[in-house]
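# Coordinate analysis (summary)
Now for the letters of each chain:
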Amino acid sequence: MFELQALDRAVPPNCFPIDTNKFKYIVEPYDVAIDSEFFNPIKIMTDLKDQYQAHFTSQWHGIIGSDHMPSHADWEQQLSSCKAFIFYGTEHFLANMLPSKLISMNLQDCQLVILLDLVQTIRSALRQSMADVDKSKLQLSIEQQLETIMILSLTGVHSIMANQWHSTLENNAIRLSKVLGDLLESGRTTGETVLRIIRTKKEESNYLTDAEENNYSNIQPSDNWESRVSSRADPKTIRAGTRNDFTEYENSEFQNIDEETAEIFEAELFQGESFTYSSKPTAQPSLATLEDPNIFQSHFNFILFGLPNLMVI
């Protein structure tokens, strides 16, 4: 039989307490994140609740998509009856409930909202694209992350942890594990928790695969990008790459085009890449974040809006 253990934690005078027994959550409401066996949100949340059950999570209540799909009333009830709320799933948080309903709610009792969303799977993208067909541009813009955070702040939420841009199932699983570990087990404040994620050391981070880490480590500020590119391919070959990977695209349609035309195709095809290589680069990409091997761009995805001095007790 499980025995609940008492938690004795002193709150500094400059911090505000969050009752650990008043957490609510909604995890993967449509149960479409089945692309990953190990980082499925339902599995991760269940494991973490079991891990911290002795002191913290025994009184947590919420809805998991594998049990049933939450209605609009369920969303309102969970948000309005908690001290802290966790949404852990795919796509945008505000795509799951009507913005007009959220704006009209009074969430002054909700001190902390943790949003671990902005993940796409094949099934979630298909479901969301069908749901977005009849939405206006204004409706779609309101569902964006910054607009969602502003609406939550206007309804009275004190502090919001959220991704800035799209993430992966693996990264969100790691972030939730670190957030709950720092907030619950270590007793750190909301600000300290997010700061520790940003400052995660390389040896402690699994955000990137080994191949991605090798790509980062191989790029040096002293590299001569122009010579590296020109030595890899003929000017008539369309060249593009991400980080230090070079992929040469040779297509019969482009065999007889001149160098200037090839460069135009490069710019149009790979305009959205983080690093676009051509035989005549106009500017060398900034490598400031690569000079420190302990810093990755993904560390800065998860940030805090609002009060940094909330502590779970």
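Let us look at the structure shown here. Since the structure is predicted, the reported quantities are computational estimates derived from the model, not experimental observations.

With that settled, consider the sheet that holds strand E9 (residues 302–306). The strand order across the open sheet built from six strands is E3-E2-E4-E5-E6-E9, with neighbouring strands paired in mixed fashion. Bordering the open sheet on either side are strand E3 (61–64) and E9, each of which pairs with just one other strand. With strand direction ignored, the average angle separating the axes of adjacent strands in the sheet is 10°. The pairing of strand E2 (residues 23–27) with strand E4 (residues 84–88) spans five bridges and is classified as parallel.

The topology assignment puts Gln-78 in helix H2 (residues 72–80). With a relative accessible area of 7%, Gln-78 lands in the buried category. Not counting chain neighbours up to four residues away, the residues in contact with Gln-78 comprise Lys-24, Tyr-25, Ile-26, His-61, Gly-62, Ile-63 and Phe-85.

This part is about unusual backbone geometry. At Glu-28, a position not held by glycine, the phi torsion is positive, near 45°. Examined against the element boundaries, Glu-28 turns out to sit in the loop between E2 and helix H1 (41–51). Classification of Glu-28 by relative accessible area gives buried; the value is 0%. Of note in this structure, Glu-91 is not a glycine but carries a positive phi near 60°. By the secondary structure assignment, Glu-91 is in the loop between E4 and helix H3 (99–103).

Looking at the secondary structure, you find Asn-96 in the loop between E4 and H3. Along the sequence, Asn-96 and Glu-143 sit 47 residues apart, while their C-alpha atoms lie 9.4 Å from each other.

The subject of this paragraph is the pairing of strand E6 (residues 159–163). The side chains of a regular strand alternate between both faces of the sheet. Counting buried positions along E6 gives five out of five residues, so the element sits mostly inside the fold. Of the two faces of E6, the one holding Ser-159, Met-161 and Asn-163 and the one holding Ile-160 and Ala-162 are both buried throughout. Here strand E5 (residues 112–116) runs beside E6; their pairing, made up of four bridges, is parallel. The residue of E6 that forms the bridge with Leu-115 is Ala-162. Where E6 and E9 come together, five bridges link them in antiparallel fashion. Each bridged residue has a counterpart across the sheet, and for Ile-160 the counterpart in E9 is Phe-305.

The next thing to look at is the pattern of salt bridges. A full pass over the atoms with the stated rule returns five salt bridges. Linking Lys-43 and Asp-47 is a salt bridge whose minimum nitrogen-to-oxygen distance equals 3.0 Å. Of this pair, Lys-43 and Asp-47 both sit in helix H1, four residues apart, which is roughly one turn of the helix. In this structure, Arg-188 and Asp-182 form a salt bridge, with 3.1 Å as the shortest nitrogen-oxygen distance. The network of salt bridges with common partners includes Asp-132, Lys-135 and Glu-143.

This next bit is on the packing of aromatic side chains. Scanning the entire structure with this criterion turns up seven aromatic pairs. Of the aromatic side chains, those joined through ring pairs into one cluster are Trp-75, Phe-85, Phe-87 and Phe-93. Directly above the ring of Tyr-30 sits Arg-127, whose terminal nitrogen or CZ lies 3.7 Å from the centroid.

Glancing now at the nonpolar core. In terms of nonpolar packing, the biggest core is built from 31 residues, with Ile-86, Tyr-88, Ile-114 and Leu-176 touching the most fellow members. Secondary-structure elements contributing two or more residues to this core are E2, H1, E4, E5, helix H7 (169–185), helix H8 (190–198) and strand E10 (310–312). Ranked by the residues each element gives to this core, the list is headed by H7, at six residues. If near-sequence neighbours (up to four positions away) are discounted, Tyr-88 is found in contact with Ile-26, Val-27, Glu-28, Phe-39, Pro-41, Ile-44, Met-45, Leu-116, Leu-169, Asn-172, Ala-173 and Leu-176. Within the second largest apolar cluster, 22 residues are counted, among which are Ile-26, Phe-93, Met-105 and Leu-107.

With that settled, consider empty space enclosed by the protein. Scanning the model with the defined rule gives one cavity of 30 Å³ or more in all. By volume, the largest cavity is sized at about 40 Å³. What lines the largest cavity is simply Glu-28, Pro-29, Tyr-30, Val-32, Thr-90, Glu-91, Asn-96, Ser-124 and Arg-127. In terms of residue class, the lining of the largest cavity is made up of three nonpolar, three polar and three charged.

Moving on: the environment of Gln-139. Summarising the element assignment, Gln-139 is placed in helix H5 (residues 137–142). Residue class for Gln-139 comes out partly exposed when judged on its relative accessible area of 40%. Along the backbone, Gln-139 and Ala-95 are 44 residues apart, and their C-alpha atoms lie at a distance of 9.4 Å.

Calculation criteria
Residues numbered from 1 in each chain as written. Predicted model: local features only at pLDDT ≥ 70, side-chain atom pairs only at ≥ 80, totals over all residues. Heavy atoms only, no water. Pairing = 2+ DSSP bridges. Helix = DSSP H or I, 4+ residues; strand = E, 2+ residues; numbered from the N terminus. Axes fitted to C-alpha atoms, helices over the stretch in contact; angles between N-to-C directions. Buried < 20%, exposed > 50% of the residue type's maximum accessible area, 1.4 Å probe, protein only. Contact = heavy atoms within 4.5 Å. Salt bridge = Lys/Arg side-chain N within 4 Å of Asp/Glu carboxyl O. Phe/Tyr/Trp six-rings, centres within 6.5 Å; stacked < 30°, edge-to-face > 60°. Lys NZ or Arg CZ within 6 Å of the ring centre and 35° of its normal. Core = buried A, V, L, I, M, F, W, Y, C linked by side-chain atoms within 4.5 Å. 1 Å grid on protein atoms, 1.4 Å probe; cavity = no way out; pocket = protein on both sides within 12 Å on 5 of 7 lines; lining within 4 Å. Points joined across faces, edges and corners; volume = space filled by probe spheres on them. Nonpolar A, V, L, I, M, F, W, Y, C, P; charged D, E, K, R; others polar.

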